[in-house]
Amino acid sequence: MNLPRQLKETLADQLMQRELLSSTGIGNGIAVPHPKTPLGQQLKKSMVGTFFLEKPLDFKAPDGMPVFVVFVLLSADSFHHLHLLSQLARFLNNTEVNDFLKHSPTLENLVDQFQKNLAETA
Amino acid sequence: MMTAALGIGLVCGMLAVGLNWSVHTLRLFITELDLGWRSIFFPALGAGIAVFFVRYLMHDNEGHGVSSVIKAIALGTGSLRRRMIYSRFFGSLLTVGTGGSTGLEGPIVSIGGAMGSALGRWLDMNERHKKLLVGYGAAGAVAGIFNAPLTGLIFALEIIIGEWSYLTILPTIIAAVSATEISRWIMGDKIAFFQEIAGFSITSLIACFALGAITGVISILFVRSLHVWEKLFAKISLHLWVRAAIGGLSVGVLGYYMPEVLSEGYSATQSFLTDSIRPELGFILLFVLLKFLACGITLGSGGVGGVFAPSLVIGSGVGLAFGMILHLLPLDGVAEDAAFALAGMAGMVAGVMHGPLTGIFLVMEATRGYSMILPLMLTASSAMVVSSFFEIGSVYTQDLIKQGSLIKRGTDRYLLHHLNIRDILDKDFITIPEGLLLRDFIDEFKRARRNYFPVLDAEKQCVGVVFLDDIRPHLFDTSLYDLVTMGSVMRNLPIINLNEPINVALDKFETSKAWSLPVVEGKLFLGMLSKSTLFDHYRRELQIQAI
C-alpha cells in the first residue's frame, strides 16, 4: 500500500489497538483489520489493501479458523469507513467469493469479482 | 431595587461628602502650617503612605478604579472587593489631601461601586441585579460629590452601566437624588462653579466647534501622557510606594512654584470663572501645562485618584485661554471668557471620558444655568468626535478594550457572555465506550432519548461523538454487528472547554457544522452543548435584556 511515511510507521500499532478491542476476523479464514478510529488528515483518500498470507494466522475469529487473507481497510472518516466496511462484509459473506479467494486471484480478477458482486447485490 | 438604590444613594452621598470634607480639612491643615519650601515633601509623604496602604496592606491592585467598576459590570459578576471601600477612601484622602494633583471622583465612584457590590452580595442578589447596584453606587457617588443629581444619573448610565432602560433609569434616579439630598443636608446646597452667562452670539457658537476640537486634541494628549508616565515610572525598579513618593516629590516641587496645580485644583477653576481680574494669558497656559504634568506624574507614579477633576480643571484653563485669544481678534459679539472656560470643561470631560452628556449636564448643574446649553452641546460633541476618531475608547475603557474585557450591553457578545455553559448542558444522553460493538450498541440505542452518543475512552475522556444519522443505514446489517466498533464510526468534533468564552464555542459550532459538541472541564467530560439549546437560552436572555 502506498502510504505516507508517518502512517506507515504507526499503522501496525493502530491495527493492533483495534484488534485488542475485538477480533476483526469474520470467519472462513478472512479478516478485515482496520485502525480503531478513522485516520482523518493522515490519509488523502480511503483504501483497501488485500494481502494473501503465506502462513495463516490465528485472528481469534468467531469460527476459530486461521486467517489466510486480510483486507486492510483504511478510511479517512467514519462515513467512508462504514460504507466500505459494509460493502466488503457483503462481498465476503458469500461462499462463492470464499472459494474464489482461496485461489489467490490477481488484483484485476479480484476487482472484477468485487464489482460483479456489487452489481448483483445492489 | 428601588429600596436598595435609596440605601446605596444615602450611604454613597455621605461617603462622598465625608471624603470631600476630610480632604479639604487635611489640605487646609497643611496650608496653615506654612512650611515654605519644606511643603514640597507633603505630596511625597501622602502618595508614599497611600500606595503602601493600598497596595501592600489592602492588596488592592485594581488600578485607577473606574475601569474596574466598568469591567465588573461589563464582564464580571458585578463583584468588587469590599476592601476597595477602605483602600480608595484613605488612599485618595492621603494622596489628594497632601497635594497630589488628581481628583476624588474616580475613587468615590469605586467606593460607590464597591458599596453596591457589597450590598448585592449581602442581599444574595443575582449577577444582573448586583451589577445594577454597582451602577447605582457610582451614580450616588458622583451626585453626592458634585451636588448634581442629573450628572450622577447621566454619568452612571452613559459611562458606567451603558444601558438606558427603566430597570436602570428609575433606581439610578433614586440613588442620585438621595445622594444629592444627603449631601445638601450635610454640606448645604452649594454650587460648584457659579457663573451667570449672558447670551451666546452666533460667532461664539461657531467658535465652540473650534474649542471642542482643541479640547478633543488636548484630551487625547492628556490620556496618552498618562500612559507615558505609567511606563516611565514602571521602569524605576523600586518599591511601588517609593515610586509614588518620587512622583509626589516632583509634584511638590511643581506645586511650590504654582500651588494651583496641587490637589484637585477647583480653586483655580473657580478663580478663572469669577475673579474680576483675570490672570495673564501666559499664566493660564503655564497652569494648563503644569497641571497636565502634575496630574500625569501623580497618577503615573501610582497615586490614588481619578481624572475627572483634572479634566475639568484643565478644560477650564484651555477654555479661558481660548476665550482670551478670541477677544484679541477683531471679532464682534464674542461671549465672555468664563463662558468658554465652562464649555472647555464639558469638552474635556467628553474627550477624556467619552461622556459628552456627562460633561454637558455637569457644567449645567454646576453653574445652575440653562443658558449655556447650546455652547456646551457644540463643544462636547465636537470634542467627542475628535477624540473618538483617534482613540479606541475613553480613559476608562482603553485598557479594557485592549484586554478584550469590555463587552457593550445589548451586543451579541454581551448576551452570549452572560450565558453560563454549565447551566445549559444537555445531560440526558447515553455515553458509550469506544470499543462497543454495533451489536451491543443496538441495545443502548433502544433506550436513548437523544440521537447522539458521546464516546468515552478507557480514562472516561470524550474522544468523539456517534450520531445516529451516520449509522442508521447500517443498523440492521448483521454482517457488521461484530465488526464495527463505535470508536470507528464516531465523528472527531472540536471539544469545548467550560472556561472558554461562549463566542469561542460558537466558532467551533460554525467550523464543525455540528449541532451538538462535547463540553469538558479539564479532562472531565461534563455533557453536550446543543446549538438549539444555546439559541433557546440566547433568545430568553435577549427578552430579559430588552425589558
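Parameters and conventions
Residues numbered from 1 in each chain as written. Chains lettered and ligands numbered in written order. Predicted model: local features only at pLDDT ≥ 70, side-chain atom pairs only at ≥ 80, totals over all residues. Helix = DSSP H or I, 4+ residues; strand = E, 2+ residues; numbered from the N terminus. Buried ≥ 20, exposed ≤ 12 C-beta atoms within 10 Å, placed from the backbone. Contact = placed C-beta atoms within 7 Å. Expected span 1.5 Å × (residues − 1). Core = buried A, V, L, I, M, F, W, Y, C linked by C-beta atoms within 7 Å. Domains from an automatic or database assignment. Pairing = 2+ DSSP bridges. Axes fitted to C-alpha atoms, helices over the stretch in contact; angles between N-to-C directions. Nonpolar A, V, L, I, M, F, W, Y, C, P; charged D, E, K, R; others polar.

1. Here's the deal with the overall build of chain A
Next, step 1: If you tally the helices and strands in chain A, you get four helices and four strands.
Next, step 2: Mapped from its N terminus to its C terminus, chain A presents α and β elements in the order α-β-β-β-β-α-α-α.
Next, step 3: Among the 122 residues that make up chain A, the fraction classed as buried is 26%.
Next, step 4: The contacts of chain A with a sequence gap of at least 6 include a subset with a gap of at least 24, amounting to 58%.

2. As for the overall build of chain B
Next, step 1: The secondary structure content of chain B amounts to 23 helices and six strands.
Next, step 2: If you take every contact in chain B between residues at least 6 apart in sequence, the share linking residues at least 24 apart comes to 77%.

3. Some details on helix H12 (residues 281-300) of chain B
Residue and element names in this part refer to chain B.
Next, step 1: Taking 1.5 Å per residue as the helical rise, H12 with its 20 residues ought to reach 28 Å, and the 28 Å between its terminal C-alpha atoms agrees with that figure.
Next, step 2: Those residues of H12 lying buried are Ile284, Phe287, Val288, Lys291, Phe292, Ala294, Cys295, Gly296, Ile297, Thr298, Leu299 and Gly300.
Next, step 3: Downstream of H12 by a residue or two, Gly302 has a phi angle that is positive, lying close to 110°.

4. Quick notes on the nonpolar core
Residues and elements named next belong to chain B.
Next, step 1: Counting residues in each nonpolar core, the largest one holds 134 residues, and the members touching the most others are Ile8, Val69, Ala138, Ala139 and Val363.
Next, step 2: In terms of residues, this core owes the most to one element, helix H14 (residues 337-353), which gives 13 residues.
Next, step 3: The residue makeup of this core includes at least three contributed by each of domain 1 (2-187) and domain 2 (202-237 + 244-406).
Next, step 4: Ignoring anything within four residues of it in the chain, the contact list for Val363 reads Leu342, Met345, Ala346, Met372 and Leu376.
Next, step 5: Within the second largest apolar cluster, 49 residues are counted, among which are Leu436, Val455, Val466 and Val489.

5. A closer look at the sheet that holds strand S4 (residues 496-497) of chain B
Paired through their backbone hydrogen bonds, the strands of a sheet run either parallel or antiparallel.
All names here are of chain B.
Next, step 1: A sheet is described by the order of its strands in space; here three strands give the open sequence S4-S5-S6, paired in mixed fashion. Two strands in the sheet have a free side with no partner beyond their single neighbour: S4 and strand S6 (524-530).
Next, step 2: Sheet contacts for helix H22 (residues 502-512): S4, strand S5 (516-521) and S6; angle to S5, the most-contacted strand, approximately 140°.

6. Digging into the pairing of strand S4 (residues 67-74) of chain A
All names here are of chain A.
Next, step 1: Within S4, six of the eight residues are buried, which leaves the element mostly enclosed by the surrounding structure.
Next, step 2: Sheet topology places strand S2 (residues 30-31) next to S4; two bridges connect them, and they run parallel. Looking across to S4, one finds that Ala31 is bridged to Val70.
Next, step 3: As paired elements, strand S3 (residues 47-57) and S4 share seven bridges and run antiparallel to each other. From the neighbouring strand, Leu57 faces S4, where its bridge partner is Val67.

7. Regarding the environment of Val363(B)
Next, step 1: Tracing the sequence through the fold places Val363(B) in helix H15 (residues 356-367).
Next, step 2: For Val363(B) and Ile373(B), which are 10 residues apart along the polypeptide, the C-alpha to C-alpha distance reads 9.0 Å.

8. A closer look at the interface of chain A and chain B
Next, step 1: On the chain B side, the residues contacting the 20 residues of chain A number 19 residues.
Next, step 2: Here the residues of the side of chain A that touches chain B are counted per class, giving nine nonpolar, nine polar and two charged.

9. Regarding the sheet that holds S4(A)
Residues and elements named next belong to chain A.
Next, step 1: Strands sit in the order S1-S2-S4-S3 across an open sheet of four strands; the sheet is mixed. Unpaired on one side and paired on the other, strand S1 (25-27) and S3 mark the two borders of the sheet.
Next, step 2: Here two bridges tie S1 to S2, and the two strands are oriented antiparallel to one another. Within the sheet, the bridge partner assigned to Gly25 lies in S2 and is Ala31.
Next, step 3: Strands in contact with helix H2 (residues 78-92) are S1, S2, S3 and S4; relative to S4, the strand with the most contacts, it is inclined by about 160°.

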